[in-house]
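Chain by chain, the residues:
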Amino acid sequence: MIATSDRTPLPRNFFDRPVLEVAPDLLGRVLVRTTPDGPIELRLTEVEAYDGPNDPGSHAYRGRTARNDVMFGPPGHVYVYFTYGMWHCMNLVCGPEGRASAVLLRAGEITEGAELARQRRLSARNDKELAKGPARLATALGVDRALDGTDACAVGETPLRMLTGTSVPSDQVRSGPRTGVAGDGAIHPWRFWIAHDPTVSPYRAHTPRRRRS
């Protein structure tokens, strides 16, 4: 029997924990994106943890900047960054305020509002691909830098909020190296996903970008 998804909003203290506790616990939770055209809901199936000053792979490893300011808290807020000059990626800030850490939302299953997501993801071959990867996820949900700093724990109308959903049993959670992370940060097994879920993105090791001659 499949448990009914819990519609209760996730409280802020859920995020006010170490990032390596929060990241796997986000699997199975539900992200709600409210738009003028209607809501889109996504069940998280894959995430990655980034542990600020302890993590060479983190945007906050070298300290606070205008770009990563939201990562320093409060927990439960949304950190959105722009990458490769074309894509947005979405994170949820966690840990105590003042110490930057966040969880990258890598993939999920669209459970409501698939038609709206399809309009943004015309290249998706099927609904399993709508949010299969962090840039695809942000695109499907219409997330960009305008939503950087949004409080996902706020009460009332908010463009992004997290619901309790249905947590995933520990024996169904897998972990491994993060996708595309280079250097010392590449060794951390801080990517977490639901075993055998078809919406999880394929693992890719970091490939150095070639400079144009």
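Preceding this section is the structure that the text describes.
Note that the coordinates shown come from a computational prediction; the quantities given were computed from them, not determined experimentally.

A. Molecular detail of the overall build of the protein chain. Secondary structure summary: the protein chain contains 4 helices and 9 strands in total. For a compact globule of 213 residues, the expected C-alpha radius of gyration is about 17 Å, and the protein chain comes in at 16 Å, within 12% of that figure. Taking the principal axes of its C-alpha atoms as reference, the protein chain extends roughly 45 × 40 × 35 Å. Scored against the burial criterion, the 213 residues of the protein chain give a buried share of 50%.

B. Geometry of unusual backbone geometry. In the segment running from Gly73 into Pro74, the intervening peptide bond is cis, with an omega of 5°. Of note in the backbone geometry, His196 takes a positive phi value of approximately 65° without being a glycine. With respect to the helices and strands, the residue His196 is situated in the segment after β9 (191-194). By relative accessible area, which is 80% here, His196 ends up exposed.

C. Spotlight on the nonpolar core. In terms of nonpolar packing, the biggest core is built from 43 residues, with Phe15, Leu26, Leu92, Ile110 and Met162 touching the most fellow members. Take this core: its biggest share by element is 5 residues, from strand β3 (residues 38-50). Once you skip the residues sitting within four places of it in the chain, Leu26 turns out to touch Leu10, Phe14, Phe15, Leu44, Val47, Leu92, Val103 and Met162. Among the nonpolar cores identified, the runner-up in size contains 13 residues, and Tyr50, Val70, Met71 and Tyr81 belong to it.

D. View of the environment of Ala140. Structurally, the position occupied by Ala140 is in helix α4 (residues 134-141). Taking the C-alpha atoms as reference points, Ala140 and Ala154, separated by 14 residues in sequence, lie 22 Å from one another. Excluding residues that lie within four positions of it along the chain, Ala140 makes contacts with Ile40, Ala117, Arg120, Arg121 and Leu130.

E. Molecular detail of the pairing of strand β4 (residues 78-83). The buried count for β4 comes to 5 of 6 residues, which makes it a mostly enclosed element. With 6 bridges connecting them, β4 and strand β5 (residues 87-93) associate as antiparallel partners. By the bridge assignment, Val80 is partnered in β5 with Met90. Between the antiparallel neighbours β4 and β5 lie 3 residues, among them Tyr84 with a positive phi of about 55°.

F. Examining the environment of Arg106 more closely. On the secondary structure map, Arg106 appears in strand β6 (residues 102-112). The sequence separation of Arg106 and Thr179 amounts to 73 residues, and the corresponding C-alpha distance is 9.5 Å. When near neighbours in sequence (up to four residues on either side) are disregarded, Arg106 contacts Glu46, Val47, Glu48, Ala131, Lys132, Gly133, Pro134, Leu137, Thr179, Arg191 and Ser201.

G. Layout of the pattern of salt bridges. Taken as a whole and judged by the stated rule, the model has 16 salt bridges. The residue Asp151 makes a salt bridge to Arg12 at a minimum N-O spacing of 2.8 Å. Of this pair, Asp151 sits in the loop between α4 and β7 (160-165) while Arg12 sits in helix α1 (residues 12-15), and the two are 139 residues apart along the sequence. Judged by relative accessible area, which is 31%, Arg12 ranks as partly exposed.

H. Layout of the packing of aromatic side chains. Under the counting rule described, the total for this entry stands at 2 aromatic pairs. For the ring pair Phe14 and Phe15, a centre distance of 5.1 Å and an interplane angle of 75° mean the geometry is edge-to-face. You can call Phe14 buried: its relative accessible area is 8%. Ring centres of Tyr79 and Tyr81 lie 5.7 Å apart, and the angle between their planes is 40°; this geometry places the pair in the tilted category. When sorted by exposure, Tyr79 lands in the same class as Tyr81, which is buried.

Calculation notes
Residues numbered from 1 in each chain as written. Predicted model: local features only at pLDDT ≥ 70, side-chain atom pairs only at ≥ 80, totals over all residues. Heavy atoms only, no water. Helix = DSSP H or I, 4+ residues; strand = E, 2+ residues; numbered from the N terminus. Rg over C-alpha atoms; globule rule 2.2 N^0.38 Å. Buried < 20%, exposed > 50% of the residue type's maximum accessible area, 1.4 Å probe, protein only. Core = buried A, V, L, I, M, F, W, Y, C linked by side-chain atoms within 4.5 Å. Contact = heavy atoms within 4.5 Å. Pairing = 2+ DSSP bridges. Salt bridge = Lys/Arg side-chain N within 4 Å of Asp/Glu carboxyl O. Phe/Tyr/Trp six-rings, centres within 6.5 Å; stacked < 30°, edge-to-face > 60°.

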